[in-house]
Amino acid sequence: MAPAPVIAAAVSSAVARVSAYIFLRWIPGHHFPPLILLSIAVYLYCVFGKSEEAFGSARPRLPEAFPKLFPQREDNKSEEQSETKEDDDDHEEPAIYEEEKSFLRISVFGIPNWKEPEWSYMTIGINVLLALFTLDLVFRGPLLHPARDLSFTRVGFVDSTTAKVLVREPDPAQLPLYVYLSPADKTSWTTTDTIYYLGADTDYTYPVTFGGLQPSKKYIYSLSNDKSGTFTTAPSPYSDAANKLTFLTSSCIKANFPYRPSAPALAIHGFEYLSKVLRGLPNPASFMLFLGDFIYVDVPFRLSSSLAHYRSEYRRVYSSPSWSLPGLDTLPWIHTLDDHEIANDWSGGNDTEPFPAASDPFIHYHVSVNPPTPPGAPPGAETNTTYFQFSNGPASFFMLDTRRYRTDPESDSSSSSNPSDTRTNHTMLGSVQLASLLKYLSAPEPSHIHWKIIASSVPFTKNWRFGTPDTWGGFLRERSVILEAMQKAEKELGVRVIILSGDRHEFAAIRYPRFLGTASYTDPRNKTGDMRVYETGQQAGPHEFSVGPLSMFYLPFRTFKQVDEDDVAIKYLPDGNSKVGVVEVDNLGGNNDLQRSLLRYKLYVDGELAWEYALTSPAEGSRRPKERGWLWM
């Protein structure tokens, strides 16, 4: 039987190596760094603090193990070689497989054998490196890259006549900051803004709004601090260009994961795939609809809950060199809020710590250049309304905030007792946002808009069987009200309703067929019962496309399962560290009332097209108004 130090060294080495692989390449969970560091500490104690003979012989010094690296005097070398030869003669071992067994023990299990000093020191070095890699992933970014001096610009929401650009400039010597604008096709610079003050109250950010722009036109903006960029305005409603739209959607980014030792600490590897996708699109993308977890403040550890730390997390993401990849520097981004920008599975409201500190940089860095709030939403910057509504080409959008206003989810018993009963204190959206969403769903759209697209940071489906209470599966009563409004919009307004969601680090496409009632049936035992009847047709009902992550881990086990006919699974693709959805909408010509617009959803996994799906508008089963009006022109 092997000595106790050898067994302890083997166990601790195995635990450290397996845990390090999971943490660095699979899931950066907070449990792993303490386990890795403790295991390697035990391992080193067993190897260097216990009997050397337990590992085969006396431990040689490094010069003896690596003579080529540490040249020795000839007389000492000859004496040692003589001693080694005599020692070898006195301790002969069976030759068959012994070297192979020794190598396996050393390299795979990490057990030193001082008769093989080179390999032994190397396997010890591997374990030490794993500990250093773990510390590097956790601390290199926060400690070495506070990004306090970050100066940058970023394009936010752009419509046909306006554009928003976020500016950050912490250097007071650059003030006043002059903002210039020119059409890209000719040099005609105009001073559009002068920024006299940038302070710590907004983390030195300022939202620039360009107004009075021409539709479907490319512009160049420039600032007096040598920052510049471009954007292209959206097409004018009812124009031919408004019949097409291409945009992207995804969620969840974490710098330098999966871990690469040689990569910059702030590199976002998924952006490499995103750049590839952007460069391969037949039509330029109008914007990125990013559905939350822009930062992971609590992964693997929450180092602080202070306002300064939350702000630094946003700065670190925007400091990433990956933003300079082709296509990313000109792509507008618009954002929703999710839990890891606050705390995992957050449902503590907007007054509970750490929400106020977490909300501050989200307001300054994202909300300030996001789309407008819906008509009738609480006005004024002090209200911090964080749900949005806009139109672009053939689609209108409603971007939900599923965190700021939510309560604790329903219990399992209350969720399943009667989903149609809407009397509950549990809400994801809050009464004001819910009313605004229902108003949006019931409102007719102009004749060129055939799609109502709802952006939710968490999946609408209840088919995810892991962490379900954090999704809309934890708010089934409120979900049933919204789903009924979606289906009513498809039936009565002649539009399609699409839900785009993220959060789950997996992809799934789901259909929500309309419930038509119950019908009697006879079972094999000749007893009469009732069965639920749903709308027929492979594309009937609203659809959801849930995608993530853009650059993060994916789950190694399967969590998605259809259990009823309410949420019908179309496709489930869980694997891939980088997933992004491309949505292409194209209005069709002619007077075909059944197929007036086509939506293509394309899923890219690690930069490669993995799946695509097409929908037409109006929805199957929709009915035309009795009188032909402006909607059907």
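Residues numbered from 1 in each chain as written. Predicted model: local features only at pLDDT ≥ 70, side-chain atom pairs only at ≥ 80, totals over all residues. Heavy atoms only, no water.

If you check an unreviewed UniProt entry, the chain appears there as PhoD-like phosphatase metallophosphatase domain-containing protein from Knufia peltigerae.

Enquirer: Before we move on, can you summarise the packing of helix 1 (residues 4-26) against helix 2 (residues 32-49) with the specific residues and values?
Expert: Here helix 1 crosses helix 2 at 150 degrees, and the two axes come no closer than 8 Å. By the angle class used here, helix 1 and helix 2 are roughly antiparallel. In this structure, the crossing between helix 1 and helix 2 has a hand that is left-handed. Contacts from Pro5, Ala8, Ala9, Ser12, Ser13, Val15, Ala16, Ser19, Ala20, Ile22 and Phe23 of helix 1 reach helix 2 at Phe32, Pro33, Leu35, Ile36, Ser39, Ile40, Val42, Tyr43, Cys46 and Val47. Residue composition of the contact of helix 1 with helix 2, grouped by class: 17 nonpolar, 4 polar and no charged. (Axes fitted to C-alpha atoms, helices over the stretch in contact; angles between N-to-C directions. Helix = DSSP H or I, 4+ residues; strand = E, 2+ residues; numbered from the N terminus. Parallel < 35°, antiparallel > 145°, perpendicular 65-115°, else oblique. Left-handed = near helix turned anticlockwise from the far one by under 90°. Contact = heavy atoms within 4.5 Å. Nonpolar A, V, L, I, M, F, W, Y, C, P; charged D, E, K, R; others polar.)

Enquirer: So what about the sheet that holds strand 12 (residues 395-399)? Which residues, and what values?
Expert: Overall, mixed pairing links the 7 strands, which are arranged 11-12-13-14-18-15-19 in an open sheet. Every other strand in the sheet has two partners, leaving strand 11 (388-392) and strand 19 (568-573) as the edge strands with one partner each. On average, each strand axis in the sheet is tilted by 15 degrees relative to the strand beside it, whichever way the strands run. Here 5 bridges tie strand 15 (residues 507-511) to strand 19, and the two strands are oriented antiparallel to one another. In the strand pairing of strand 19, phenylalanine 507 is matched with leucine 573. Lying on the sheet, helix 12 (residues 476-493) is in contact with strand 13 (451-456) and strand 14 (496-501); it crosses strand 14 at an angle near 150 degrees. (Pairing = 2+ DSSP bridges.)

Enquirer: Explain unusual backbone geometry to me, using residue names and the numbers behind them.
Expert: Peptide bonds are mostly trans, and most non-glycine residues show a negative phi. The peptide bond linking leucine 175 to proline 176 adopts the cis configuration, its omega dihedral lying at -5 degrees. Here proline 176 shows up in the loop between strand 2 (163-168) and strand 3 (177-183). With an omega of 5 degrees, the peptide bond between glutamate 353 and proline 354 qualifies as cis. Looking at the element boundaries, proline 354 is found in the loop between strand 10 (333-335) and helix 9 (355-365). Backbone geometry places asparagine 256, a non-glycine residue, at a positive phi of 55 degrees. A positive phi angle is found at aspartate 293, which is not glycine, with a value near 60 degrees. Along the chain, aspartate 293 turns up in the loop between strand 9 (288-290) and helix 8 (307-318).

Enquirer: I'd love a proper account of the packing of aromatic side chains, names of residues and values included.
Expert: Within this structure, the stated rule accounts for 36 aromatic pairs. By the ring-pair criterion, three or more aromatic residues cluster together here, those being Phe152, Phe271, Phe290, Phe294, Tyr314, Tyr318, Trp323, Trp333 and Tyr365. Across from the ring centre of tyrosine 440, 4.3 Å away, lies the NZ or CZ of lysine 452, which sits over that ring. (Phe/Tyr/Trp six-rings, centres within 6.5 Å; stacked < 30°, edge-to-face > 60°. Lys NZ or Arg CZ within 6 Å of the ring centre and 35° of its normal.)

Enquirer: Describe the sheet that holds strand 6 (residues 218-223), with residues and values.
Expert: Pairing is antiparallel across the open sheet formed by 4 strands, whose spatial order is 4-3-6-7. Each edge of the open sheet carries a strand with a single partner, namely strand 4 (190-195) and strand 7 (228-232). Neighbour-to-neighbour, the strand axes of the sheet open up by a mean angle of 25 degrees, direction not taken into account. As paired elements, strand 6 and strand 7 share 5 bridges and run antiparallel to each other. The residue bridging serine 222 from the neighbouring strand is serine 228, located in strand 7.

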